[in-house]
Amino acid sequence: MSNRGSFSGRLGFILAAAGSAVGLGNIWRFPYLAGQNGGAAFLLIYLICVFALCFPVMVGEIAIGRNAQTDAYGSYKKLGGGKWGYLGLFGILAGIFILSFYNVVAGWAFGYFLEISFGDLLNQTNYGQYFGNYVNDISDNFWFSLGFMVFTALIVSQGVQKGIEMANKIMMPALYIILLGLIVYSLTLPNAIEGVKFYLIPDLSEIKTQTIFDGLRQAFFSLSLGMGALITYGSYVSKNQNIVSSAAVISIADSSVAFLAGLMVFPMVAAINAYDVQGPSLVFVVLTEVFHNMGPIAGRIVGGSFFLLLCFAALTSTVSLLEVPAAYLVDQKKLPRKTVVWGLALLIFVLGLPSMLSQGMIPFLNKLSFYKERDFLSFVSDMCDISLTVGGGLMCIFIRNRWKIANMNNELAIGNPTYFGSLLKKYIDFAIMWLCPIILGILSILIIIDKFWGIEKIFG
Ligand code: TRP
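In this text the structure is predicted, and so the values were computed from the model without any measurement.

1. Thoughts on the pattern of salt bridges
Then, in step 1: A full pass over the atoms with the stated rule returns 13 salt bridges.
Then, in step 2: Linking Arg66 and Glu411 is a salt bridge whose minimum nitrogen-to-oxygen distance equals 2.7 Å. Here the residue Arg66 occupies a position in helix H3 (residues 40-68), and Glu411 occupies one in helix H18 (residues 405-413), the gap between them amounting to 345 residues. An identical accessibility class is assigned to Arg66 and Glu411; each is buried.
Then, in step 3: Here Asp214 makes a salt bridge to Arg217, at a shortest N to O gap of 3.1 Å. Of this pair, Asp214 and Arg217 both sit in helix H10 (residues 209-222), 3 residues apart, which is roughly one turn of that helix.

What follows is the structure, encoded as structure tokens:
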């Protein structure tokens, strides 16, 4: 067991877990979901989900991992016995599929970084059209996303401390610095204040069923919950650490980056009056147009920094996604880490090809007949989101009915002697026993109905 690796200490773990959490989800997906769901109203729902529902689930996951000291499958099996291991496997599989499409989007960001910094991307006239053609053109994307997977594998193959922890210690501070710099720039743009208002003043009438669904699944995705990533990272945490306070720092770090990403994006949206740009193309279209307007040199520098930021954020997340199945094969099958990592990277890259080809190249993948004519990448991404809320709910049931909440609390009290008797303990107990399983169960079912058939027929 001793050679499976561990984080060097509290900072290493927190940075790695925050690195897993902070990713494309915060900087690419959060702003466009907020844009589609009324801005501030979405922010509000998202924050409620993060702290009321996700935080207790995060505490539970880390506790499971640290107690069992093994991968996601092994942890459920060790603490639950019997069939509970399948819950771990289900999560590992979900992680594989998340990485398959995530790496495609990361490849777009990597390509944009290279083409803005060193190519002629900023000489275009129509960025909406450019992005459409860009994601459709597999000849470039193939190499960019392959390159991204190679970076990921290089880091993970170095192990927990020398690979994952080290990469996060470099990239996470860089990410914060770039982000803050970009916000300062963004807030000086003409009309910035309009964007800030849209983003910060909630119009409660904008809260619809869709807002709640999107807020919840975004919170789970953004915090890397529900599929065992934090069980895996938790298994590398030493016993003297305070899990509850670490989880609080991780949740705050993650939601603050999402918040700040919105604060960077919406003034830019307002500056070029691009409220109508919707969906996944938002940062690729609106931001590049703003960078274009800055002129060739400033545009290259600021635009290049933005996409570098996106790549850093994505890389610390892809690393965590690859670590989950890698830890499983290393711990359970006793295979060498390097072999496992490169084999998985290749497999997952190939699994991502249909997502890559679904952006226009192959018409049938672009408009799935059984999925409301949407594209394959969205399909995989939506199915993964659902598996996260389901996985989170089942994890609560696992703790509640099988491992037992008292065992979780004993684990949490290690490194946190005042945990028993704290108010937070009362809340976490209540959330894991009742609030999360019930709400996650109901919402997961509703989200599935909505995705396949449309909930508006039922609730309006
Ligand atoms: N949280 C990351 C993001 O916001 C993505 C991610 C990394 C993830 N690891 C995960 C999502 C595990 C779910 C599960 O971009």
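2. As for helix H15 (residues 337-357)
Then, in step 1: Taking 1.5 Å per residue as the helical rise, H15 with its 21 residues ought to reach 30 Å, and the 30 Å between its terminal C-alpha atoms agrees with that figure.
Then, in step 2: The sharpest bend along H15 measures roughly 25° and falls at Leu351, with the proline Pro354 sitting one to four residues further on.
Then, in step 3: Of all the residues in H15, the buried ones are Arg337, Val340, Val341, Leu344, Ala345, Ile348, Phe349, Gly352, Ser355, Met356 and Leu357.

3. Some points on the packing of H3 against H18
Then, in step 1: Packing of H3 against H18 brings their axes to within 9 Å, and their N-to-C directions diverge by 80°. On the basis of their axis angle, the class for H3 and H18 is roughly perpendicular. Contact residues: H3 offers Val59, Gly60, Ala63, Arg66 and Asn67, while H18 offers Met408, Glu411 and Leu412.
Then, in step 2: Per-class residue counts for the contact of H3 with H18 are 4 nonpolar, 2 polar and 2 charged.

4. So, the site of the ligand
Then, in step 1: In the region of the ligand, 17 residues are neighbours, and Ala21, Gly25, Tyr102, Phe221 and Ser224 sit closest.
Then, in step 2: Ala21 has a polar backbone atom sitting 3.0 Å from an oxygen atom of the ligand.
Then, in step 3: Relative to its free-state accessible area of 360 Å², the ligand is covered by the protein chains to the extent of 100%.
Then, in step 4: Elements represented by at least two residues in the shell around the ligand include exactly helix H1 (10-21), helix H2 (24-36), helix H5 (85-117), H10 and helix H14 (296-333).
Then, in step 5: Taken together, the residues of the shell around the ligand break down into 9 nonpolar, 8 polar and no charged.

5. Details of a nonpolar patch on the surface
Then, in step 1: A grouping of Phe430, Trp434, Ile438, Ile439 and Ile442 is seen on the molecular surface, where their side chains present a nonpolar patch of about 480 Å² in accessible area.
Then, in step 2: Within the element layout of this structure, Ile442 appears in helix H19 (residues 423-453).
Then, in step 3: For Ile442, a relative accessible area of 48% translates into the label partly exposed.

What counts and how
Residues numbered from 1 in each chain as written. Predicted model: local features only at pLDDT ≥ 70, side-chain atom pairs only at ≥ 80, totals over all residues. Heavy atoms only, no water. Salt bridge = Lys/Arg side-chain N within 4 Å of Asp/Glu carboxyl O. Helix = DSSP H or I, 4+ residues; strand = E, 2+ residues; numbered from the N terminus. Buried < 20%, exposed > 50% of the residue type's maximum accessible area, 1.4 Å probe, protein only. Expected span 1.5 Å × (residues − 1). Bend = angle between axes of the 7 residues up to and from the residue. Axes fitted to C-alpha atoms, helices over the stretch in contact; angles between N-to-C directions. Parallel < 35°, antiparallel > 145°, perpendicular 65-115°, else oblique. Contact = heavy atoms within 4.5 Å. Nonpolar A, V, L, I, M, F, W, Y, C, P; charged D, E, K, R; others polar. Near = heavy atom within 4 Å. Polar contact = N/O pair within 3.5 Å; in protein donor to acceptor, adjacent residues only side chain to side chain. Areas by Shrake-Rupley, 256 points an atom, 1.4 Å probe, with all protein chains shown as cover. Patch = residues over 30% accessible without salt bridge, like charges linked within 9 Å, V, L, I, M, F, W, Y side chains within 5 Å.

These results come straight from atomic positions and should not be treated as a statement about function.
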